[in-house]
Amino acid sequence: MIEASALKPNTEPDTREDAQPATKLSCRNLWKIFGDEREVHDLVRKSGGVPDPAAIDRAGLSAGVRDASIDVREGEIFVIMGLSGSGKSTIIRCLSMLLQPTAGELFFEDRDLLACSRKELIELRRHKMGMVFQHFALLPHLSVLRNVAFPLEVQGVDRARSEEKAREMIALVGLESREEDFPDALSGGQQQRVGIARSLATEPELWFLDEPFSALDPLIRREMQDEFLRLQRVLHKSIVFITHDFDEAIRIADRIAIMNHGEIVQIGTPEDLVVRPADAYVEEFTRAVSRSKVLSARTLMESHDAAADHAGEIGASERVSEFAARVVEETRPFAVVDKHRRPIGQISREAVISVLAEG
Amino acid sequence: MSITATDSTSRHPAIRSTTLFWGAALAGLVVLFVVASQFPVLDDPRREFLLPFARWISDGMDFLVDDLSFGLFTFEDLTRAIAFVLSLPLLALTSLLASGWTLPFSEIEVAPLPWFAVVAAMVFMGWRIGGGKLAALMFASFAYLAIFDQWQSAMITLSSVLVAVPIGIVFGLGLGILAYKHSGSERVISPLLDLMQTVPVFAYLLPVLVLFGFGQVSAMIATIIYAMPPMVRVTIVALRSVPGDLLEFGDMAGCTARQMLWRIELPAARDSLMVGVNQVVMLSLNMVIIASMIGAGGLGRDVLTSLKRLAIGDALEAGVAITLLAIAIDRLSQAFANRARMKRPKRSQDRTRVPLSTPAGFVAILLIGALITALAPSLAIYPRALVLDTGPFWDELIRLINVHLYDTLDAIKAFLLIWVMIPLKRLLVEAPWMAVAAGVALIGWRLSGLRLAATLFAMAAFIAFTGNWEKAMISVYLCGTSVVIACLIGIPIGVWSAASARARGVISVVIDTLQTLPSFVYLIPVVMLFQVGDFSAMIAIVLYALAPAVRYTDHGLRQVPGETIEAATMAGCTPAQILWRVKLPLATPHIMLGVNQTIMMALSMLVITALVGTSDLGQEVYIALTRANVGMGIVAGLCVAFLAMTADRLIGAWAAERRRRLHLA
Ligand SMILES: Nc1ncnc2c1ncn2[C@@H]1O[C@H](COP(=O)(O)OP(=O)(O)OP(=O)(O)O)[C@@H](O)[C@H]1O
Ligand SMILES: [Mg+2]
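Residues numbered from 1 in each chain as written. Chains lettered and ligands numbered in written order. Predicted model: local features only at pLDDT ≥ 70, side-chain atom pairs only at ≥ 80, totals over all residues. Heavy atoms only, no water.

Time to look at a nonpolar patch on the surface. Residue and element names in this part refer to chain B. A grouping of Leu26, Val30, Val31, Phe33, Val34, Val35, Phe39, Leu424 and Leu427 is seen on the molecular surface, where their side chains present a nonpolar patch of about 790 Å² in accessible area. Taken together, the elements giving at least two residues each to the nonpolar patch come down to helix H1 (2–37) and helix H18 (391–430). Ranked by the residues each element gives to the nonpolar patch, the list is headed by H1, at 6 residues. (Patch = residues over 30% accessible without salt bridge, like charges linked within 9 Å, V, L, I, M, F, W, Y side chains within 5 Å. Areas by Shrake-Rupley, 256 points an atom, 1.4 Å probe, with all protein chains shown as cover. Salt bridge = Lys/Arg side-chain N within 4 Å of Asp/Glu carboxyl O. Helix = DSSP H or I, 4+ residues; strand = E, 2+ residues; numbered from the N terminus.)

Per the stated rule, a full pass over the model turns up 0 disulfides over all chains. The thiol of Cys255(B) is unpaired, and the distance to the nearest cysteine sulfur, on Cys116(A), comes to 18 Å. Using a relative accessible area of 2% as the deciding quantity, one classes Cys255(B) as buried. Lacking any disulfide linkage, Cys487(B) is separated from the closest cysteine sulfur, that of Cys479(B), by 12 Å. On the basis of relative accessibility, which here comes to 13%, the residue Cys487(B) falls in the buried class. (Disulfide = S-S within 2.5 Å. Buried < 20%, exposed > 50% of the residue type's maximum accessible area, 1.4 Å probe, protein only.)

Residues and elements named next belong to chain A. The pairing of strand S1 (residues 23–34) with strand S2 (residues 62–73) spans 8 bridges and is antiparallel. Each bridged residue has a counterpart across the sheet, and for Thr23 the counterpart in S2 is Arg73. Pairing between S1 and strand S4 (residues 103–108): 5 bridges, direction antiparallel. Among the inter-strand pairings, Ser26 is bridged to a residue of S4, identified as Phe107. (Pairing = 2+ DSSP bridges.)

Our focus in this paragraph is the site of ligand 1. All names here are of chain A. If you check the shell around ligand 1, you find Phe34, Leu83, Ser84, Gly85, Ser86, Gly87, Lys88, Ser89, Thr90 and Glu211 and nothing else. In the environment of ligand 1, an oxygen atom lies 3.0 Å from a nitrogen or oxygen atom belonging to the side chain of Glu211. For the shell around ligand 1, the element with the highest residue contribution is helix H4 (residues 88–95), accounting for 3 residues. (Near = heavy atom within 4 Å. Polar contact = N/O pair within 3.5 Å; in protein donor to acceptor, adjacent residues only side chain to side chain.)

Put simply, an interface is often sized by how much accessible area is lost when its parts join up. Residues and elements named next belong to chain A. Domain boundaries in chain A define domain 1 (73–101 + 115–290) and domain 2 (293–358). For domain 1 and domain 2, the distance between their C-alpha centroids amounts to 34 Å. Across the boundary between the two partners, domain 1 contributes 8 residues, which contact 6 residues of domain 2. Each partner contributes to the roughly 610 Å² buried at the junction of domain 1 and domain 2, and carbon and sulfur atoms together form 54% of this total. By the criterion of area lost to domain 2, the three top residues of domain 1 are Ile250, Glu271 and Ser290, representing 67% of everything that side buries. (Domains from an automatic or database assignment. Contact = heavy atoms within 4.5 Å. Buried area = accessible area lost by both parts, 1.4 Å probe.)

Of the residues lining the interface, 25 residues belong to chain A; the matching set on chain B comes to 17 residues. Of the roughly 2000 Å² buried at the junction of chain A and chain B (both faces included), carbon and sulfur atoms supply 62%. One can count 3 salt bridges joining chain A with chain B. Here Asp251(B) and Arg118(A) are joined by a salt bridge, their closest N and O atoms 3.9 Å apart. At the junction of chain A and chain B, the tally comes to 6 residue pairs in polar contact (both at pLDDT 80 or more). For the side of chain A that touches chain B, the elements supplying multiple residues, two or more each, are helix H5 (118–127), strand S6 (129–132) and helix H6 (144–155) of chain A. Of the residues in the side of chain A that touches chain B, the class split is 14 nonpolar, 4 polar and 7 charged. (Nonpolar A, V, L, I, M, F, W, Y, C, P; charged D, E, K, R; others polar.)

Spelled out as structure tokens, the structure:
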């Protein structure tokens, strides 16, 4: 994988602007090796706590996650993407401790998850974490309402309160009229809405979604992505989102980690990945993406000319596709401004047209 | 090119070597046959070399009953206590349904629930749970009980079933959960279940009889032991097949282990668990007649005593009553399971339309009935004058059939006996055990390996050295002929059923009914037509064991992938070619499982056919039972189990081999 330090300069413009938000979940050199428990344990101990890829192969074991380091910041949507079998499900299950990682460190805020007792873990999951599953994982014997109320009931919240909260969540995902229905009477998209409502009922701070929209057809998927972004604007959760669809990733991600064979190849904003792919594998992913959808004004801008006659302002993080129409219609350049509306550069019509021409 | 070349060169030597091997093996066996017949130890160690297993077991049993003590209480106290606890609910139900009771501290007699109230309550329940059709079935079944004068016996049977079923379900569920949660305990439970399913019921009637005495409670305990294993198995499988993401969800919701079990795993497995419940119900009713041998009253005893008197009409009426009871309870429990699955959208409307809940209505009807009889006691009993008795009709019918068809039936019987059954019996009985065991072990070795060969040989040796060889061979011959005939009839029916949807509709109803009938009932018409003897036994076994052959063939043919058949069609195969060259080969492993099941059912029918005068292991068990000789019964039971296991292991190994060759994984 690319060294964290090598990635730093790329993400610099983002971090320079504001104080970086706190880290919610962080893992360092995380490994998950599949196979007989004792065998794996011996292997790791022999190589001094840090598994050695050659030794793993020799033992005929397979590693689902190799040496992964990730920081999920408060309030961000952190997307992990990769092809089928690249280890996405494995890593998200390690991060949520559904699978016990073989080696490495894992912290939730400043708590060492690997040192947590089963009881502490139950408490954490009851109050701080939520998860949405690819195939919904709704309980077939409970109505929509009871499904959503389930995590609260498990905690011992009384029936009236938990149902009230559940109703609120169901309204949030727009399923008010279906509360008494059972899951098998709902379409896939509706079922996943229930899954989302259920995972939000406990008001978790950290939200895991494992390919939540992959089982849905393209139109519904898009609708659900919009819905998801709308929710996030209201809720500001810290999110780990798994997908194998790069278009989905760039639509919703603040940052993306690309996985290949259990390794994280690159972490960066959608723009970073497109503009500065770390290797051929990442480049292959990003090739089909239209650059106008990921390039931001900040990347495209030239230095600010205070004397020039500006036609208007563009936010530094706006993407080309969002402002192209405005800029192309004008002969004069537009000023690029930061969050506090201070000018930091400008963009000309020619620059935009050249991006659009590239596709 | 090169592939086909190597293929053909390598195949011929292979074929030649197999032929050579079996040729040599056959010659060896013939030599062994001749030589072994000269030595009693190798032929049939009847007296001299017997191992007294039976006595050891009997002594062990005596020790349990007479001497074993846990300090504060003896083993006998323990069994008495268990029997007492179980007798309480049984007593309550029998008093309520059949015998009536005396109010405590007074002399006031309270009559049992009147027949019309029970019929009405059952019809009401059927209507609420399954609609008009089920209500009609309930009415037909329960009215039959009253009209044909089976009421009293039926209520006794019903009360013991109503106690045995919930206990069987709860224990089965508990053991299943235990095995699922702790793989260690599964290693103990699973082989026990295997054994319990292959040892004929009669064999464990004996220890139950010795430990708990003759009576209704013992019968109930035997019923529970018999009916529980499928529930355990179904529970394990059902819990294992709960989708993994539901478990992950449970973890993420912060469920404790207990919440996981009760709120996620069991409810999600509900539909499959209902299959187990249904099995417990069916098996409990299957046991009704058998259980009457150790003291269950009711319909079972009626059938048994009528059968012994050869009063066919009476046996038939009581047998039909058991069948109707089985069908009624089975359909009721299935409808209940379906309703649990489908009630969802309708529930709220239902509630508002009929303010009365099903249980409340049920109890209300019974109470009203009780009140009416308290005022007019004469109504409690179904009027004698209205009872129908078909006994004379059946007796007359049989007389007529025997008068007119005797020659034909006798000719069929004589032909099969003289040309097939008796020669086969001779051959098997005369073959020295050493030769047979060696042959079986050889096949096992070729199919799977040394381990199987050793197991098979050891089981044969056990049978020989406990003195049961000849009886075992008679069992093999009886079951063997029956299984072959059952397959000759069942497999074509299965093929037919797989080929035509309409045929399938009819066939599946018939097969369902055959499987609902308690095994004893098969004896009745057979004895009516063919008198007692091996031939009747065979026919009864064929009838009883037919169902799996049909089922599995049908299922095996249906699961051949549609694409494969389309490919064959496009390759220009005729329907017959598709059947012979594509479907049947691919379905063979399934069909063999069906044959396996057929063998198991045939063996379990053995003991029952002992009633019609066979002289096999079944008879041995039956005699042991009448003499309460535990050791003898258990040893003979184990012999039957070993025969079953031999067939099971051989077929299992063969099917595995076959599947590997077809690359069916
Ligand atoms: N329990 C397990 N035992 C052994 N190997 C496993 C296990 N679970 C996953 N693997 C292997 O680990 C690798 C990563 O699997 P994972 O399910 O994480 O992939 P994924 O990226 O989620 O793929 P998909 O997009 O298909 O869901 C795969 O090669 C898989 O075969
Ligand atoms: Mg996955």
